[in-house]
Structure formats: C-alpha cells, structure tokens
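# Structural description and commentary
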Amino acid sequence: MTEEKHICPVCGKHEFTEYDSFEFCPICKWIDDAGLTRHPDLRGFYHMNLNEAREAYKNGQEIY
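Residues numbered from 1 in each chain as written. Predicted model: local features only at pLDDT ≥ 70, side-chain atom pairs only at ≥ 80, totals over all residues. Heavy atoms only, no water.

A few words on the side chain of histidine 14. By secondary structure assignment, the location of histidine 14 is in the loop between strand S1 (6-7) and strand S2 (15-16). Residue histidine 14 is classed as buried on the basis of its relative accessible area, which comes to 18%. (Helix = DSSP H or I, 4+ residues; strand = E, 2+ residues; numbered from the N terminus. Buried < 20%, exposed > 50% of the residue type's maximum accessible area, 1.4 Å probe, protein only.)

Bringing the environment of lysine 13 into the picture now. Within the secondary structure, lysine 13 is located in the loop between S1 and S2. Linking lysine 13 and isoleucine 27, residues 14 residues apart in sequence, is a C-alpha distance of 7.5 Å. When neighbours within four sequence positions are excluded, lysine 13 is seen to be in contact with Ile7, Ile27 and Tyr57. Among the polar contacts listed, one links the side chain of lysine 13 to the side chain of tyrosine 57, at a separation of 3.3 Å. (Contact = heavy atoms within 4.5 Å. Polar contact = N/O pair within 3.5 Å; in protein donor to acceptor, adjacent residues only side chain to side chain.)

The subject of this paragraph is the nonpolar core. Nonpolar side chains in soluble globular proteins tend to be buried together. The biggest cluster of nonpolar side chains holds 15 residues, and the ones touching the most others in it are Cys8, Val10, Cys25, Cys28, Trp30, Ala53 and Ile63. Looking at this core element by element, the count peaks at three residues for helix H2 (residues 50-58). Once residues lying within four places of it in the same chain are set aside, the contact partners of cysteine 28 are Cys8, Val10, Cys11, Tyr57 and Ile63. (Core = buried A, V, L, I, M, F, W, Y, C linked by side-chain atoms within 4.5 Å.)

Cysteine pairs can be linked by a disulfide, which is a covalent bond between their two sulfur atoms. Tallying each qualifying case throughout the model produces zero disulfides. Its sulfur unpaired, cysteine 8 is 3.6 Å from the next cysteine sulfur, which belongs to cysteine 28. The exposure class of cysteine 28 is buried, given its relative accessible area of 5%. (Disulfide = S-S within 2.5 Å.)

Turning our eyes to something else, we now look at the environment of histidine 14. Separated by 21 residues in the primary sequence, histidine 14 and glycine 35 have C-alpha atoms spaced 19 Å apart. Beyond its immediate stretch of four places on either side in the chain, histidine 14 contacts His6, Ile7, Cys8, Cys25, Pro26 and Ile27.

This next bit is on the pattern of salt bridges. Per the stated rule, a full pass over the model turns up two salt bridges. Linking lysine 58 and glutamate 55 is a salt bridge whose minimum nitrogen-to-oxygen distance equals 3.4 Å. On the criterion of helical spacing, the pair formed by lysine 58 and glutamate 55 is a turn pair, its members being three residues apart in helix H2. Take lysine 58: its relative accessible area is 60%, and that puts it in the exposed class. (Salt bridge = Lys/Arg side-chain N within 4 Å of Asp/Glu carboxyl O.)

What follows covers H2. Of the residues making up H2, those classed as buried are Leu50, Ala53 and Ala56. Down the axis of H2, the sector holding all buried residues measures 120°, keeping them to one side. N-capping of H2 is provided by asparagine 49, with a side-chain oxygen placed 3.0 Å from the backbone N of asparagine 51. Phi turns positive, to about 80°, at glycine 60, one or two residues after H2. (Arc of directions from axis to C-beta.)

In structure tokens:
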C-alpha cells in the first residue's frame, strides 16, 4: 500500500512524494524508510537511529 506525500521525519522541511520511497531528503539526507519511521530506535543505513538523527539535525550536525 502506497500512501500520499509526507514530510521528512528528521528536518520537517522536505515533502516526499510517496511513503517508503527510499528517496534521500535533499535537506538533511535522511532516507525515506518506513521501517525506520515506525521503529525510531532502530539503525538502518545510518550510524544513528531516527531519534538520534532528529536531535543531531536540530543541533546542526550532519546525520549521514
């Protein structure tokens, strides 16, 4: 099931065109992965999870 557009869960600025698209956010470089969004304490492609990425972005650090 593909859902509609949604906002990047890290920066809150970029709108992905599809849910779980595996596209990179051009602003913060987060990859649109529904599994990582549903389970924000898991690490997928990154050295940090979604919760850590949100904090890092908020503090001006790169997440990738």
